[in-house]
Amino acid sequence: MGLPLVAVATNLSHDGLCSPVATLDNDAGRGSYGVPNPIAVVIDLDVIREAPVRFVRSGIGDALSNISAIRDWELAARERGEDIDGLAAAMARQAGEAVLRHPGGVGDDGFLQVLAEGLVLTGIAMSVSGDSRPASGACHEINHAFDLLYPKRAASHGEQCGLGAAFAMHLRGAREESAYMAQVLRRHGLPVLPEEIGFTVDEFVKVVEFAPQTRPGRYTILEHLDLSTDQIRDAYADYAKAIGS
Ligand SMILES: [Zn+2]
């Protein structure tokens, strides 16, 4: 409606608190829509603590996935000559790194503040770059594929993005970073294996295979490697071993 909006967060489940993109359900499942940024955001940690903890944790997965998304953006710049907005990339990466390195958890105000600021900064990074690139790469293609292939069974956005990011980091050969990200996701009670959100390995392989079709034109490690079904299966087995399942 074009009205000025003040966003009052009741949850920290994703980086859409203050972003130019809204994810809405439609007849085809789910889509991303451009929306105006709020003129102000209010985040009261007393309110956030009332939210189901699983959904607050989801925001951790979404914030951490920035790290993988930025690597995809850099890959697209190298391979395809895509422009990188350095400020947007720095903001999104630092938001992800701050959450990754913070020793606390969802019970601490200090951690919740870093998470809240990270999610808001990520939204602003998307406004700066003019699209979702700073926060959405292979991690989010995998998330969208879960939503589209299994609309009734899909887990939360951040749970799927965190798993997608840890797997994408492994695919790009960043094995140690992938294992560390998986370790942090686990510490916060987030899934790192498809079984932990009720999916079989075969279903996950199908998700990864379908993922590039969810964002035509977006170049990530998935489009770059263009893996066959068997190669995805092998890569997954290697990932599960590397993160110590
Ligand atoms: Zn997201």
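We now turn to the structure provided with this report. (Residues numbered from 1 in each chain as written. Predicted model: local features only at pLDDT ≥ 70, side-chain atom pairs only at ≥ 80, totals over all residues.)

1. Quick look at the overall build of the protein chain
- A count of helical and extended segments in the protein chain gives 10 helices and four strands.
- For the protein chain, the succession of helices and strands along the chain, N to C, is β-β-β-β-α-α-α-α-α-α-α-α-α-α.
- A principal-axis box enclosing the C-alpha atoms of the protein chain has dimensions of 50 × 40 × 35 Å.
- The burial tally for the protein chain puts 47% of its 245 residues in the buried class.
- Put simply, of all contacts in the protein chain between residues at least 6 apart along the chain, 74% involve residues at least 24 apart. (Helix = DSSP H or I, 4+ residues; strand = E, 2+ residues; numbered from the N terminus. Buried ≥ 20, exposed ≤ 12 C-beta atoms within 10 Å, placed from the backbone. Contact = placed C-beta atoms within 7 Å.)

2. A look at the packing of helix H5 (residues 138–149) against helix H8 (residues 201–210)
- It is at 8 Å that the axes of H5 and H8 come closest, and there the two elements cross at 115°. The angle between H5 and H8 places the two elements in the roughly perpendicular class. In the packing of H5 onto H8, the handedness of the crossing is right-handed. Of the residues in H8, those in contact with Ile 142, Ala 145, Phe 146 and Leu 149 of H5 are Lys 206, Val 207, Val 208 and Phe 210.
- In terms of residue class, the contact of H5 with H8 is built from seven nonpolar, no polar and one charged. (Axes fitted to C-alpha atoms, helices over the stretch in contact; angles between N-to-C directions. Parallel < 35°, antiparallel > 145°, perpendicular 65-115°, else oblique. Left-handed = near helix turned anticlockwise from the far one by under 90°. Nonpolar A, V, L, I, M, F, W, Y, C, P; charged D, E, K, R; others polar.)

3. Points about the nonpolar core
- By size, the foremost hydrophobic cluster in this structure holds 65 residues, and its most contacted members are Leu 64, Ala 92, Ile 142, Ala 165 and Ala 166.
- Leaving out residues up to four positions away in the same chain, Ala 165 has contacts with Leu 64, Ser 65, Ile 67, Ser 68, Cys 139 and Met 181. (Core = buried A, V, L, I, M, F, W, Y, C linked by C-beta atoms within 7 Å.)

4. Topic: helix H2 (residues 53–80)
- Between its first and last C-alpha, H2 extends 40 Å over 28 residues, near the 40 Å set by a 1.5 Å rise per residue.
- Of all bends in H2, the biggest is about 30°, found at Ile 67.
- One or two positions beyond H2, positive phi appears at Gly 81, with a value near 70°. (Expected span 1.5 Å × (residues − 1). Bend = angle between axes of the 7 residues up to and from the residue.)

5. Structural notes on unusual backbone geometry
- With a phi angle near 45°, Asp 226 is a residue other than glycine that sits in the positive phi range.
- Tracing the backbone shows Asp 226 in the loop between helix H9 (221–225) and helix H10 (229–242).
- A count of 8 C-beta atoms within 10 Å places Asp 226 in the exposed class.

6. Quick look at the environment of Ala 155
- On the secondary structure map, Ala 155 appears in the loop between H5 and helix H6 (157–171).
- In this structure, the C-alpha to C-alpha distance between Ala 155 and Asn 143, residues 12 residues apart in sequence, is 9.0 Å.
- Setting aside chain neighbours within four positions, we find Ala 155 in contact with Gln 160 and Ile 197.

7. Looking at H8
- Of all the positions in H8, only Phe 204, Val 205, Val 207 and Val 208 are classed as buried. End-on, the buried residues of H8 take up no more than an arc of 160°, which puts them together on one face.
- Of the surrounding secondary structure, the elements contacted by the buried residues of H8 are H5 and H10. (Arc of directions from axis to C-beta.)

8. Things to note about the environment of Ala 89
- The topology assignment puts Ala 89 in helix H3 (residues 86–101).
- Each residue touching Ala 89, except ones within four places of it in the same chain, is listed here: Ile 70, Trp 73, Ile 84 and Pro 134.

9. As for the pairing of strand E3 (residues 29–34)
- Taking burial as the measure, the six residues of E3 include zero buried ones, a minor fraction of the element.
- Sheet topology places strand E2 (residues 21–26) next to E3; six bridges connect them, and they run antiparallel. Residue Thr 23 lies in a different strand from E3, and its bridge partner there is Ser 32.
- Here E2 folds back onto E3 in antiparallel fashion, the turn holding two residues. (Pairing = 2+ DSSP bridges.)

10. As for the packing of H8 against H10
- One can describe the packing of H8 onto H10 by two numbers: an axis separation of 10 Å at closest approach and a directional angle of 120°. If you check the angle between H8 and H10, you find them oblique. The handedness of the crossing between H8 and H10 comes out as right-handed. Residues Val 201, Phe 204, Val 205, Val 208 and Glu 209 of H8 pack against Thr 229, Ile 232, Arg 233 and Tyr 236 of H10.
- Per-class residue counts for the contact of H8 with H10 are six nonpolar, one polar and two charged.

These figures come from the coordinates and say nothing about function on their own.
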